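Architecture and fold: a report
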Number of protein chains: 2
Amino acid sequence: MNTLETVQLSNAHIDHVGIVVHDLDDALATYCGTLGFRLLERLDAPDHGVEIAFLDAGSSTIELLSPTDEESGTARFLARRGEGSHHVCLAVPDLAHTLEELRAQGVRLIDETPRQGIHGLVAFVHPQAAHGVMIELLQKDRARRLE
Amino acid sequence: MNTLETVQLSNAHIDHVGIVVHDLDDALATYCGTLGFRLLERLDAPDHGVEIAFLDAGSSTIELLSPTDEESGTARFLARRGEGSHHVCLAVPDLAHTLEELRAQGVRLIDETPRQGIHGLVAFVHPQAAHGVMIELLQKDRARRLE
């Protein structure tokens, strides 16, 4: 029996918004050069089929992601929808517990269990469960939380 | 001559993400009932042709918006793209100055000058200027900033 209080996403906060783009260099020229955002981190994530950049946006960040694998879900999203908002990432303290709570509510999940992401454990909620928004849930690595 | 340092959006932070939905009651049942978000504020904004709810998401909020005027831009967006992410709102300290900086960079704006929004002065940047993302810029009312 689950003895933790059921809270689902009531304590979640926006960690970042994910924006899918065709070309990361081009998008960085716009976001950092023209719009003035500060680049925090750029990395290649071949396991996820994307290259990524994180930009400073106060207590949250903006993640620009560009597919490097044309078979990836991100590439298919980009082909279908074009450039723009891809997901909203919510940080939660205990991802396994949150997933358990969401499952109990009948929420449709893309990932039934946490998997390793760039900055911690992640799982995606299906857009059909959130009125068209793909929600990423993130339990940040301890080192990241203490930054 | 502009004597302020040119920073564009380097000091901006994510105030909220805007999500467009067909029916606000239905979306609130999902977001608050099923997903567990806490409702902060619900209001009708006939001047903007929408009804709106703000949900707690840590240091940012989630804005659910539903068109009440079928001729509004929000209604056309919903008809064209379906439910989902609509805009990302960035708070800036001095909106008029930020718009001046963005214009100097050749950034395509929807609003050339600040106009009154729900929580302060607002202006929208055209999605073509930000790789498909509609960016709302917000200079919060002083009372809101001190909350």
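Quick note: structure is the one above.
Residues numbered from 1 in each chain as written. Chains lettered and ligands numbered in written order. Predicted model: local features only at pLDDT ≥ 70, side-chain atom pairs only at ≥ 80, totals over all residues. Heavy atoms only, no water.

Details of the overall build of chain A
Scanning chain A from N- to C-terminus turns up four helices and eight strands. The helix and strand sequence of chain A, counted from the amino end, reads β-α-β-β-β-α-β-α-β-β-β-α. Taking 15 Å as the expected radius of gyration for a compact globule of 147 residues, we find that chain A reaches 16 Å, a close match to that expectation. Every one of the 147 residues in chain A was classed for burial, and the buried ones make up 51%. Contacts in chain A between residues at least 24 apart in sequence constitute 51% of all its contacts with a sequence separation of at least 6. If you sum the accessible surface of chain A, you get close to 6,900 Å²; carbon and sulfur atoms cover 47% of it. (Helix = DSSP H or I, 4+ residues; strand = E, 2+ residues; numbered from the N terminus. Rg over C-alpha atoms; globule rule 2.2 N^0.38 Å. Buried < 20%, exposed > 50% of the residue type's maximum accessible area, 1.4 Å probe, protein only. Contact = heavy atoms within 4.5 Å. Areas by Shrake-Rupley, 256 points an atom, 1.4 Å probe, with all protein chains shown as cover.)

Thoughts on the interface of chain A and chain B
Counting from both sides, the interface comprises 42 residues of chain A and, opposite them, 42 residues of chain B. For the pair chain A and chain B, the summed buried surface comes to about 3,300 Å²; carbon and sulfur atoms form 58% of the total. At the junction of chain A with chain B, the criterion picks out zero salt bridges. Inspection of the chain A/chain B interface yields 22 residue pairs in polar contact (both at pLDDT 80 or more). At the level of secondary structure, the elements contributing two or more residues to the side of chain A that touches chain B comprise strand E1 (13-20), helix H1 (24-34), strand E3 (50-57), strand E4 (60-67) and strand E5 (84-91) of chain A. Residue contributions to the side of chain A that touches chain B peak at six residues, all from H1(A). Residues that form the side of chain A that touches chain B fall into these classes: 22 nonpolar, 16 polar and four charged. (Buried area = accessible area lost by both parts, 1.4 Å probe. Salt bridge = Lys/Arg side-chain N within 4 Å of Asp/Glu carboxyl O. Polar contact = N/O pair within 3.5 Å; in protein donor to acceptor, adjacent residues only side chain to side chain. Nonpolar A, V, L, I, M, F, W, Y, C, P; charged D, E, K, R; others polar.)

Description of a positive patch on the surface
Together, Arg76(A), Arg80(A), Arg81(A), Arg76(B), Arg80(B) and Arg81(B) line one region of the surface with positive charge. If you list the elements that add at least two residues to the positive patch, you get helix H2 (73-81) of chain A together with helix H2 (73-81) of chain B. (Patch = residues over 30% accessible without salt bridge, like charges linked within 9 Å, V, L, I, M, F, W, Y side chains within 5 Å. Lys, Arg positive; Asp, Glu negative; His and termini not counted. Charge placed at Lys NZ, Arg CZ, Asp CG, Glu CD.)

Re the side chain of Thr98(A)
Residue and element names in this part refer to chain A. For Thr98, the position within the fold is in helix H3 (residues 95-104). Taking the relative accessible area as the measure of exposure, Thr98 reaches 4% and is therefore buried. If we skip the residues at most four places from it in the chain, Thr98 touches Gln8, Leu9, Val92 and Leu137.

Re the relation of the copies chain A and chain B
Between chain A and chain B, the superposition needs a rotation of 180° and an axial shift of 0.0 Å, giving an RMSD of 0.0 Å. Here the transformation between the copies is reduced to the relation of a two-fold axis. Among all C-alpha atoms of chain A, that of Ser85(A) lies closest to the rotation axis, at 3.2 Å. (Least-squares fit on C-alpha atoms with pLDDT ≥ 70 in both.)

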